[in-house]
Amino acid sequence: MSLPSAVRFAASCSPRAVSRSSLQILSPTQSSFAHNAISRSPKTSYIRFYASRSKAKSTADLVPGSKQALTSEVARLEYGKSEAKMSAAVEWYRKEVAGLETRASGRVTPALLSPVRIELPGKEKDFVKLEEVATIGVRDGSTLVITVFEEHNLKAVEQALYAAKLPNIVPQRQDSRTIKIPIPRPTVEARNALTATAHRMAEDTRVQLRKIQQASVKKGDYKKHSVELEEFQKLADRNTVEVDKILAHMKKSTGAR
């Protein structure tokens, strides 16, 4: 009789039902083990057994749906695409708010002109960044100074500055290669207006996140209450919270309402 069999035999008997002769069929080690199992309690002893590795079953089926990871390869691929799109939307909003925050705080930096795009002469619909055709400096902490590399690009730069329609950006030509832009200190009304712009952008970003989620869910045609629906919802919620944090940080740093 094996040791596990001996244990089961001892557990199935009451102390009175097991005689000294019954234990004699066991080896000394087995007999001692069984005798101890019996003598622990005057009543029947209950011993917990654990499945061997060969018979152990996976517990994956016991995990609630909300706790399971995506198991479908198609769902994982779609999740990855959605995650990338949502991250791109949040990063776009983060950069836009950084520019608004800089303007609202009154700090004068070349980043104020980052949205400007130049259409060079002879290159229609081929727009380049301002820093590709000119240097941008700060004078006296309140004036931006633009110096173009080539004189014939000055007019295109000036036109691009007006076309960008940036608040409080009024170019003033200094000479054939230089433009200066005095930046006034933002008023309370100006800061509130910039914050309102950030609010509108935040809502646009939230709408974009919902559209990405809905498009992914529609592609998968998932069942109601499925783990896929929950995971896509969590992804959208996470990115929405990030948008809210970016907006809250701007409002706090600028003191706007």
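Anyway, here's the lowdown on the structure attached to this text. All figures in this text were calculated on a predicted structure; none of them were measured in a lab.

This paragraph deals with the pairing of strand β3 (residues 134-139). In this sheet, strand β4 (residues 143-148) lies alongside β3 in antiparallel orientation, the contact comprising six bridges. Across the sheet, the residue bridging to T135 is T147, located in β4. Counted between consecutive antiparallel strands, the loop separating β3 from β4 contains three residues, among which D140 sits at a positive phi close to 60 degrees.

Turning our eyes to something else, we now look at the layout of surface pockets. Reported here for the largest pocket is a volume of approximately 640 Å³. Every element with two or more residues in the lining of the largest pocket is listed here: α4 (73-105) and α6 (188-220). When its residues are assigned to classes, the lining of the largest pocket shows 16 nonpolar, six polar and eight charged.

Right, let's talk about the pattern of salt bridges for a bit. In this structure the tally under the stated criterion is nine salt bridges. Of the charged contacts in the structure, one is a salt bridge between K219 and E78, with a shortest N-O distance of 4.0 Å. Linking K219 in helix α6 with E78 in helix α4, this pair joins segments that are 141 residues apart in sequence. A relative accessible area of 59% places K219 in the exposed class. Here R173 makes a salt bridge to E158, at a shortest N to O gap of 2.6 Å. Here R173, found in strand β5 (residues 172-173), pairs with E158, found in helix α5 (residues 154-163); they are 15 residues apart in sequence, far enough to count as distant. Looking at R173, the relative accessible area reads 46%, which means it is partly exposed.

It is worth spelling out the nonpolar core at this point. Of all hydrophobic cores here, the largest spans 25 residues; its most connected members are Y93 and A198. Looking at this core, the elements with two or more residues in it are α4, α6 and α7 (227-254). With nine residues, α4 is the largest single contributor of residues to this core. Every residue in contact with A198, bar those within four places of it in the chain, is listed here: Y93, V97, L100, L247 and M250.

Criteria and thresholds
- Residues numbered from 1 in each chain as written.
- Predicted model: local features only at pLDDT ≥ 70, side-chain atom pairs only at ≥ 80, totals over all residues.
- Heavy atoms only, no water.
- Pairing = 2+ DSSP bridges.
- Helix = DSSP H or I, 4+ residues; strand = E, 2+ residues; numbered from the N terminus.
- 1 Å grid on protein atoms, 1.4 Å probe; cavity = no way out; pocket = protein on both sides within 12 Å on 5 of 7 lines; lining within 4 Å.
- Points joined across faces, edges and corners; volume = space filled by probe spheres on them.
- Nonpolar A, V, L, I, M, F, W, Y, C, P; charged D, E, K, R; others polar.
- Salt bridge = Lys/Arg side-chain N within 4 Å of Asp/Glu carboxyl O.
- Buried < 20%, exposed > 50% of the residue type's maximum accessible area, 1.4 Å probe, protein only.
- Core = buried A, V, L, I, M, F, W, Y, C linked by side-chain atoms within 4.5 Å.
- Contact = heavy atoms within 4.5 Å.

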